[in-house]
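This is what each chain is made of:
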Amino acid sequence: MADLKIDINGLALKNPVLTASGTFGYGTEFEDFIDLSRLGGFIVKGTTLHHREGNPYPRMAETPAGMLNAVGLQNKGVDYFIEHIYPKIKDVKTNILVNVSGSTVSDYMATAEKINELENIPGIELNISCPNVKEGGMAFGTSCASAAEVVKAVRQVYKKHLMVKLSPNVTNIQEIALAVEAAGADSVSLINTLMGMAINAKTRKPVLSTITGGLSGPCVKPIALRMVWQVSKVVKIPVVGLGGITCATDAIEFLLAGASAVQIGTANFIDPAITVKVIDGINSYLEENGFNSVHEIIGLI
Amino acid sequence: MKKLIDFTVKENRQLNHDTFLLVLHSDDMPEIRPGQFVNVKVEHSPSTLLRRPISVHDVDEKEGLLYLFVKIVGQGTANLSTLKAGDKVNVLLPLGNHFSIPESGRCLLIGGGCGVAPMLHLSKVMKSRGLSPVVLIGTRSAKDILRREEYERYATVYYTTEDGSEGEKGFVTDHSILKEKFDYIFCCGPEPMMKAVARYAGKQKINCEVSLENTMACGIGACLCCVTDTKEGHKCVCTEGPVFNINDLKWQI
């Protein structure tokens, strides 16, 4: 058994495999298929200060080797999470991170402050990259100044691990990464979905109610790998890589590109037990190739 | 408890030009209730990323058989139609809620197009509980009426066809059986048909459940893609449905 443990700036993971927010519900949806405590951690659904109904149906379009979604951060708000969901998951022996989103800087701060009080939540993932909401979300993550502003503000009230999720819908992702690092992020995760669109030629209408949506799945992997490689070359904080990982080999590619950990997203929809297969696969790869620890392959490229 | 099971294809029978019956076997079959669905993985089809949600047509618990009545609508279902006896197919099941089965009363089960699929399992379970279900099947034409003997084994069956080639001509809501008194209606089919049935049931104050088939990704309530608008807000069709009472939906009918 190779050593899969990894510490990302104070957040101790038993292995480098996390799940991506919005693809893993609150974890409990997957308990029939996997032992949640085997994961390095999981990141729960995007949480906002107030209840959000999300966007109207249709919210999903399957595309070649991918899918577009336009869920729009449907969730019952942070107070509901604290009261009804946190008690059900808090004793799972893994790292549970809450993905925090908002429309204003003060919303982000208020939500982060409430999550800060939860003993068994060691970190948040700040979502400044959701392409499916009209206000906030990606608007914060596409300029260095606004990205830094929200990270700096949340940093003041949030005392634990602050991971910031970056948008790929930018001209230069290295600049945004450097800006959030300077503003106090403990790590960055990338990439969120790429903005895309699907049209039904038969009805001559867009497929999604919101016209555009976020593209994920195997089709985005080469872009995600490139961005993880670019960002890991310039920042000093750990990089968490995601985008189209469907097997252990994909995850290993991200580690080689410079990610210290990975998140599995869309693949959870196709195989709800994929995460543990990826963990086992990383271990086999390390053993077969003579590595004692996962550290030895991070950033080899 | 939901399971991921590798079933073995026992039989793949073509029923007409676009519909086939998949009979799958596993020794590990979980209990499945009428109205529940399964999510089938499609192999060797690069353009098909997601599983295909398919309603359960029939179950043979003793033999460990799962019957899926599948219409070819795209590349994924076309791919499934080529499965051969002995092939393996990975299925996530059982998913979703189920039709409520009343203890007594007269039940009308309405199925349109491939929406007839779950009505076989439902009528079989109803009959085993001492009810005498009536099934109304609506199709375009007589050649689209499939698995007739199976339905007639468990229910009194009536037919409507759009071209009048079998039963009464027209839509299910035109059928004369609707003049009789029913306590419950259960419906599955194209949305315009279900809305017409819901309108009728609403007017007659008949308790009515419909089964929705929104496009979905995960099937287990994680992605929130398949929502329908209800009086309590957006609900996932995959976990809080697919069966909804029409009084809970916000349909404009």
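Each residue is numbered by its place in its chain's sequence as written, counting from 1. Written order determines the labels here, with chains lettered from A and ligands numbered from 1. Totals for whole chains, interfaces and linings use all residues, but because this is a predicted model, local features are given only for residues with pLDDT of at least 70 and pairs of side-chain atoms are given and counted only at 80 or more. For side-chain calculations, the full set of non-hydrogen atoms in the structure is used, while hydrogens and water are omitted.

What about the overall build of chain A?
Argument step 1. Numbering of helices and strands starts at the N terminus; helices are DSSP runs of H or I of at least 4 residues and strands are runs of E of at least 2. Looking only at helices and strands, one finds nine helices and 16 strands in chain A.
Argument step 2. Here chain A has a C-alpha radius of gyration of 18 Å; the compact-globule value for 301 residues is 19 Å, and the two agree.
Argument step 3. Along the longest, intermediate and shortest principal axes, the C-alpha atoms of chain A span 55 × 50 × 40 Å.
Argument step 4. We call two residues in contact when some of their heavy atoms are within 4.5 Å. Pairs at least 24 apart in sequence give 72% of the contacts found in chain A among residues at least 6 apart.
Argument step 5. Taken as a whole, chain A presents about 11,300 Å² of accessible surface, with 54% of it coming from carbon and sulfur. Two things to know: the radius of gyration comes from C-alpha atoms, and the globule rule equals 2.2 Å times the number of residues to the power 0.38. Exposure was quantified through the Shrake-Rupley algorithm and a 1.4 Å probe, taking into account, for residues, occlusion by the shown protein chains and nothing else.

Points about the overall build of chain B
Argument step 1. Assigned secondary structure in chain B consists of four helices and 15 strands.
Argument step 2. A compact globule built from 253 residues should have a C-alpha radius of gyration of about 18 Å, and chain B, at 17 Å, falls within 12% of that.
Argument step 3. Overall, the C-alpha framework of chain B stretches about 50 × 40 × 35 Å when taken along its three principal axes.
Argument step 4. Considering only intrachain contacts with a sequence separation of at least 6, the fraction spanning at least 24 residues in chain B is 62%.
Argument step 5. Of the roughly 11,000 Å² of accessible surface on chain B, 46% is carried by carbon and sulfur atoms.
Argument step 6. His is not counted, nor are the chain ends, whereas Lys and Arg count as positive and Asp and Glu as negative. Each charge is placed at NZ for Lys, CZ for Arg, CG for Asp and CD for Glu. The averaged location of the 31 negative side-chain charges in chain B is 2 Å from the averaged location of its 31 positive side-chain charges.

Points about the domain arrangement of chain B
Residues and elements named next belong to chain B.
Argument step 1. For the domains described, the bounds stem from an automatic or database domain assignment. For chain B, the assigned domains read domain 1 (3–95) and domain 2 (107–211).
Argument step 2. Placing the centre of domain 1 and that of domain 2 at their C-alpha centroids yields a distance of 23 Å.
Argument step 3. Between domain 1 and domain 2, the residue contacts involve 17 residues of the former and 14 residues of the latter.
Argument step 4. Joining two parts hides part of their accessible area as seen by a 1.4 Å probe, and the buried area is that hidden amount summed over both. Taken together, both faces of the contact between domain 1 and domain 2 bury some 1,400 Å²; the carbon and sulfur share is 61%.
Argument step 5. If you sort the residues of domain 1 by the area they bury against domain 2, Pro34, His57 and Phe69 come out on top, with a joint share of 42%.
Argument step 6. Any Lys or Arg side-chain nitrogen located within 4 Å of an Asp or Glu carboxyl oxygen qualifies as a salt bridge. Run the count over domain 1 and domain 2 and you get one salt bridge.
Argument step 7. Ionic pairing is found between lysine 124 and aspartate 58, a salt bridge with its closest N-O pair at 3.0 Å.

Overview of helix α1 (residues 78–89) of chain A
All names here are of chain A.
Argument step 1. The set of residues buried in α1 consists of Val78, Phe81, Ile85, Tyr86 and Ile89. In a view along the axis of α1, the buried residues occupy a sector of 105°, so they form one face of it. α1 presents Glu83 and Lys88 as exposed residues on the side facing more than 90 degrees away from its buried surface.
Argument step 2. Contact partners of the buried residues in α1: β4 (41–47), β7 (95–100) and α2 (105–116). Residue burial is assigned from relative accessible area. The probe radius is 1.4 Å, only protein chains are included, and a residue is buried under 20% of its type maximum, exposed over 50%, and partly exposed in between. This arc is taken over the directions from the axis of the helix to the C-beta atoms.

Examining a nonpolar patch on the surface
Residues and elements named next belong to chain A.
Argument step 1. Where nonpolar side chains cluster on the molecular surface, the patch consists of Met197, Ile199 and Ile211 and spans about 300 Å² of accessible area.
Argument step 2. Its location among the elements puts isoleucine 199 in strand β12 (residues 199–200).
Argument step 3. Owing to a relative accessible area of 60%, isoleucine 199 belongs among the exposed residues under this scheme. Residues enter patches when they are more than 30% accessible in relative terms and free of salt bridges; like-charged ones are connected within 9 Å and nonpolar ones (Val, Leu, Ile, Met, Phe, Trp, Tyr) within 5 Å.

Here's the deal with the packing of helix α5 (residues 173–182) of chain A against helix α6 (residues 221–234) of chain A
Two measures define how a pair of helices packs: the angle their axes make with one another and the distance between the axes.
All names here are of chain A.
Argument step 1. Across the interface, α5 lies against α6 with an axial gap of 9 Å and an inter-helix angle of 45°. Our classification of the angle between α5 and α6 gives oblique. Between α5 and α6 lies a crossing of right-handed hand. Side by side, α5 and α6 meet where Ile173, Gln174, Ala177, Leu178 and Glu181 of the first sit next to Met227, Gln230, Val231 and Val234 of the second. Note on geometry: axes are lines fitted to C-alpha atoms, helical ones only across the stretch in contact, with angles between N-to-C directions running from 0 to 180 degrees. Roughly parallel means an angle under 35 degrees; roughly antiparallel means over 145; roughly perpendicular covers 65 to 115; every other angle is labelled oblique. Two helices cross in a left-handed way if the nearer one is turned anticlockwise from the farther one by less than a right angle. They cross in a right-handed way if the turn is clockwise.

Focus on the pairing of strand β14 (residues 212–216) of chain A
As a general feature of sheets, a regular strand has side chains that alternate between the two faces.
Residue and element names in this part refer to chain A.
Argument step 1. DSSP-based pairing: two strands are paired if at least 2 bridges between them are found. Here strand β6 (residues 66–69) pairs with β14 via three bridges, running antiparallel. When the sheet's bridge partners are listed, asparagine 69 is paired in β14 with glycine 214.
Argument step 2. Bridge analysis of strand β11 (residues 194–197) against β14 gives four bridges, and the strand direction is antiparallel. When the sheet's bridge partners are listed, methionine 197 is paired in β14 with threonine 212.

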